[in-house]
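Working through the structure, step by step
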Amino acid sequence: LKMFWFYLPLHLLLVACLCHSIKVPTTSSQHSFKTDLFNFYHSLMLADGKETTIHLLKDIPKRYYFVLEEGRALAPFTITVTPCDVPIEWSILVHKASATCFLPAGDVTQEVPKSQKTPSIISTIFNYKGNSVETYMGMSSHSALYMLEFLSTERDTHITVYLTTDTTSGHLYPELPTDPRIDVIGIGHTTVTLTWKHSPSVLQQRENIQYCLLVNEKHNYKSLCAAETAIRSSGMKLPPTLALSLSPYLLEPQQVMILSNSELSIINKVSSGEVRQICMGTKNTYTVPNLSPSTQYYFDVFVVNLLTNASAAYTGTFARTLEEPEPKVMELKDGKVIQVVLDGKKQKFYSLQYQARHKKIQFTFQLCRGQVQVHIAKNGKTVASENISGLRYFSLKGKLLDTYVVQLRSTEESNSSVKVQVSPHFHKPLFPLLPESLKIKSFSKLRTCNSVTIAWLGTQEESKYCVYKKRIEEDQVWIELQSADRCSGPESRHKSEKVLCKYFYDVNLQRAVTTETINGLDAGTLYLFDVYLFGPSGIPVRYHSKVVKTRKKC
């Protein structure tokens, strides 16, 4: 029996003593505490030096315990609790045992006189309610047992808890500066510039620390796990954490990842708007781009330890972007064609205005490059709105002197361009009559080492068609197809690229198709083929480019 007591671990020895000697008023909370001690060996010990994730069920308290290692009479300890969702209640209780428990191992059977016995004391040394990250620092004795009690009264949730008794080996969490506020130093229509003081951890271990910024339109977050929980609850999955090692992983369909200039941005499309996560290394000044005008945004900065995934939150801030200035309006004139270049980065609307001199009018849009959204309003009321491709006509009916406003916007980050014309409906159209499809077809079975056969659709109107070819390399295909200006005519091509021009039409649209075999090509070579259609006005329409490779062996 003596040997059993000698080898019994300290925390079980404490419990045995506490359960034997506890004498406290029988309030419900103290009775609950005593019951916990009886079942202590079934309970959870809080790990020292590790972050523990704890899941809480609504209205059901959860308790964790810890004691110091044997031989440490007095030592400092810290406990950090991070709520990851709703506010919680948590407290620290300490039970100091009577002297009976700390006799030498060989004397555990000795009876201690009543006059020498001291009652066990249960006391609450700390309690907190809220959703902020809270840290308690204290001194612990090996003769005391500590209990942490956590309770969520709103809903099921989870928290993280970090206990350490080692204050000499650095911090799990990165340190915040003495002034952890984020300062807004610049506000534009679509940008906000932020700055914050450096974390001491960045200065000490720059290669293992980085800053991550969270931008959203809802509210600030007091911890990184609270932010991640909120995004998950909106119905999407997150990457492992904001502490991204830049290793590739699969994104959800609602996510877009952008990596540029050593900055990793993740845009999460959620029901309440966009949530952007931007990790920018150790820079402590950042301009957030591509925001919406006249919108309030909330900004949170987290300093993240890449080795431990632990993070600390700066005090969040918010700012409202400036209102969109009234766009400059260009007047449209009957029959005149204008070409508009749209800035994809700024995502601004370009406005055109037209006052009708006829009851029936027709707007014509020819997409030259990129993707363009068109919005047409008559006397302030929307009459058409869509993304256009190729050539698009809008025939509208109204009253004399009706005012039409056309707004154009690039839907891509790269620049887009479009040609616009407005004219009375009965005027002769400026652009040629178009076939059902502007695609060029190639016949694989008719390919040889030095020739390719292509076909395209025509119309019921006799028109001129010109064919051009261009030799390209494998790595140029995507660039050539994406950068092609579909409004440019043959005048932009080199004379050597011209193959032929021909006229044709057919009253029967089902037979309005023509083929052409292009000879004199090199074996195993990629060629880009273009067909231009010219109408009565001489303005060309370019078919969709076709890339074909000749056979390598014949």
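Let us look at the structure shown here. (Residues numbered from 1 in each chain as written. Predicted model: local features only at pLDDT ≥ 70, side-chain atom pairs only at ≥ 80, totals over all residues. Heavy atoms only, no water.)

Quick look at the nonpolar core
- In this structure, Phe363, Phe365, Ile376 and Leu408 are the most contacted members of the largest nonpolar core, which totals 24 residues.
- Those elements that place two or more of their residues in this core are strand S21 (338-342), strand S22 (350-355), strand S23 (360-369), strand S24 (372-378), strand S25 (381-388), strand S26 (391-397), strand S27 (403-410) and strand S28 (416-424).
- Examining the composition of this core, we find that 4 residues originate from one element, S23, more than from any other.
- What Phe365 contacts, discounting residues up to four positions off in sequence, is Val374, Ile376, Ile388, Gly390, Leu391, Arg392, Phe394, Val406, Leu408, Val418, Lys419 and Val420. (Core = buried A, V, L, I, M, F, W, Y, C linked by side-chain atoms within 4.5 Å. Buried < 20%, exposed > 50% of the residue type's maximum accessible area, 1.4 Å probe, protein only. Helix = DSSP H or I, 4+ residues; strand = E, 2+ residues; numbered from the N terminus. Contact = heavy atoms within 4.5 Å.)

Things to note about the sheet that holds S28
- The strand order across the open sheet built from 4 strands is S21-S28-S23-S26, with neighbouring strands paired in antiparallel fashion. The sheet terminates laterally at S21 and S26, the two strands that pair on one side only. When strand polarity is set aside, the average angle formed by the axes of neighbouring strands in this sheet is 25 degrees.
- Note that S23 and S28 share 8 bridges and pair antiparallel. (Pairing = 2+ DSSP bridges. Axes fitted to C-alpha atoms, helices over the stretch in contact; angles between N-to-C directions.)

Points about the sheet that holds strand S29 (residues 441-442)
- The 3 strands are arranged S29-S30-S33 in an open sheet whose pairing can be described as antiparallel. Edge positions in the open sheet fall to S29 and strand S33 (513-518), since each of these has one partner strand only.
- Relative to strand S30 (residues 452-457), S29 runs antiparallel, the two being bridged by 2 bridges. Paired with Lys441 across the bridge in S30 is Ala455.

Remarks on empty space enclosed by the protein
- Using the criterion set out here, one finds 2 cavities of 30 Å³ or more in the structure.
- One number sums up the size of the largest cavity: a volume of about 70 Å³.
- Every residue lining the largest cavity is listed: Gln366, Leu367, Gly390, Leu391, Leu438, Arg486, Val541, Arg542 and His544.
- There are two domains that each give the lining of the largest cavity at least three residues, and those are domain 3 (329-424) and domain 4 (440-549). (1 Å grid on protein atoms, 1.4 Å probe; cavity = no way out; pocket = protein on both sides within 12 Å on 5 of 7 lines; lining within 4 Å. Points joined across faces, edges and corners; volume = space filled by probe spheres on them. Domains from an automatic or database assignment.)

Details of the state of the cysteines
- Under the counting rule described, the total for this entry stands at 5 disulfides.
- The residue that forms a disulfide with Cys368 is Cys487, at a sulfur-sulfur distance of 1.8 Å. Taking the sign of the torsion about the S-S bond as the criterion, the disulfide between Cys368 and Cys487, at about -85 degrees, is left-handed. Within this pair, whereas Cys368 is found in strand S23, its partner Cys487 is found in the loop between helix H6 (477-483) and strand S32 (498-504), the two being separated by 119 residues in sequence. Assigned by exposure class, Cys368 and Cys487 land together as buried.
- Here Cys449 engages in a disulfide with Cys554; their sulfurs sit 1.8 Å apart. When the S-S torsion is 120 degrees, as for the bridge of Cys449 with Cys554, the disulfide is right-handed. Taken as a pair, Cys449 in the loop between S29 and S30 and Cys554 in the segment after strand S36 (546-549) lie far apart in primary sequence, 105 residues in all.
- Given a relative accessible area of 15%, Cys449 falls into the buried group.
- On the accessibility criterion, Cys554 (74% relative accessible area) is exposed. (Disulfide = S-S within 2.5 Å.)

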